[in-house]
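# Chain and residue survey
One letter stands for each residue in the lines below.
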Amino acid sequence: MRGDTVRVDVLGVGFDNLTLSEAAERGMELLHAGGTHYVVTPNPEIVEVCRENPAARAAVNGAALVLPDGIGVIKGAAMLGTPLKERVPGVEFAAGLLEKMAGEGMSLYLLGAKPGVAETAAERLRERYPGLRIAGFHDGYFQEDGPIVENIRQSGADTVFVCLGAPKQELWMAKNGLATGARLLCGLGGSIDVFAGTVKRAPKFWCDHGLEWFYRLCSNPRRLGRMMKLPVFLVHVRRAGRRK
Ligand code: UDP
């Protein structure tokens, strides 16, 4: 099921124009809709990957919900004259969804991150969201999809958080989502690390001022190469804006 609103195009990726709470609401609708759906949360870096990789672009645009993770996407959409309501960070969407899932006693499978991390995240989520059932977990460093898909299917999970990094997680969900038997899969990058507490989110001040990217860069300078995609993205947006 695709969103019923027109998507906002940013360099070939169509974003759903929703607030954070509307997005969580929409996630629940998808959980109740029947069938299997997946959610993606692209940032400028992923939009740039999609510009060069048609398979990644198809996987991202094929999602039932495409949420703008990152201030860069919000700025880009505004520069193109088609503003989006607000930034919807994947990890915050996940928290909003879990709150609602817990209220209905739904179950979650965590797929991704280094060995041991998903297990810690599962324990913490169990404490934080009483009512939420943890159906299972697996680290993100596996060789074959088949046994993982089977493990998820047997777990009977309603939702799977797929945290393998982009575009791996988007391609994985597009290819394997249906076979897992889950009703909703969400591609959420480093969120399992955040839930486990192995990676800290930026303090509120930085997030509120659109500087979460800078905080993440300072805490992990190895991200510099990846982050150089942000200025490239803005140059591409400016060019696209002129052509409009
Ligand atoms: N990861 C994984 N399998 C892989 C590659 C990456 O499970 O083959 C995990 C990695 O351990 C990390 C997450 O994927 O937990 C990606 O985090 P990153 O910070 O790159 O994602 P972002 O939030 O920036 O999209």
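Please refer to the structure placed before this passage.
Residues numbered from 1 in each chain as written. Predicted model: local features only at pLDDT ≥ 70, side-chain atom pairs only at ≥ 80, totals over all residues. Heavy atoms only, no water.

## Re the sheet that holds strand E7 (residues 159-163)
Spatially, the six strands line up as an open sheet ordered E4-E3-E8-E7-E5-E6, and their pairing is parallel. Pairing within the sheet leaves two strands with one partner each, and these edge strands are strand E4 (65-66) and strand E6 (133-138). The sheet contact formed by strand E3 (residues 37-40) and E4 spans two bridges and is parallel. Following the sheet pairing, Val40 is matched in E4 by Val66. The strands touched by helix H7 (residues 145-155) are strand E5 (107-112), E6 and E7; relative to E5, the strand with the most contacts, the crossing angle is about 165°. (Pairing = 2+ DSSP bridges. Helix = DSSP H or I, 4+ residues; strand = E, 2+ residues; numbered from the N terminus. Contact = heavy atoms within 4.5 Å. Axes fitted to C-alpha atoms, helices over the stretch in contact; angles between N-to-C directions.)

## Regarding the site of the ligand
Surrounding the ligand, one finds 15 residues, the nearest of these being Gly140, Tyr141, Lys168, Gly190 and Asp193. The backbone of Gly140 places a nitrogen or oxygen atom 2.8 Å from a nitrogen atom of the ligand. Between the ligand and the protein, one listed contact pairs an oxygen atom with a side-chain N or O atom of Asp193 at 2.4 Å. The residue inventory of the shell around the ligand, partitioned by class, reads four nonpolar, five polar and six charged. (Near = heavy atom within 4 Å. Polar contact = N/O pair within 3.5 Å; in protein donor to acceptor, adjacent residues only side chain to side chain. Nonpolar A, V, L, I, M, F, W, Y, C, P; charged D, E, K, R; others polar.)

## Thoughts on the side chain of Asp158
Secondary-structure assignment places Asp158 in the loop between H7 and E7. Polar side-chain contacts of Asp158 include one of 2.6 Å to the side chain of Arg183. With near-sequence residues (within four places) excluded, Asp158 lies in contact with Leu31, Met106, Ser107, Arg133, Ala182, Arg183 and Leu184.

## Quick word on the pairing of E3
Looking along a regular strand, one sees the side chains alternate between the two faces of the sheet. Burial along E3 is two-sided: His37 and Val39 and Tyr38 and Val40, pointing in opposite directions, are all buried. Examined bridge by bridge, E3 and strand E8 (residues 184-187) share three bridges and lie parallel to one another. Within E8, the position partnered with Tyr38 by the bridge is Leu185. (Buried < 20%, exposed > 50% of the residue type's maximum accessible area, 1.4 Å probe, protein only.)

## So, the packing of aromatic side chains
Applying the stated criterion across every chain yields a total of five aromatic pairs. Arranged with centres 6.4 Å apart and planes meeting at 70°, the rings of Phe142 and Trp172 form a pair that is edge-to-face. Taken together, the positions of Phe142 in the loop between E6 and H7 and Trp172 in helix H8 (residues 168-180) put the pair 30 residues apart, joining distant regions of the chain. With a relative accessible area of 14%, Phe142 lands in the buried category. With relative accessibility at 5%, the residue Trp172 sits in the buried group. Chaining the aromatic ring pairs together yields one cluster made of Trp206, Trp213, Phe214 and Tyr215. (Phe/Tyr/Trp six-rings, centres within 6.5 Å; stacked < 30°, edge-to-face > 60°.)

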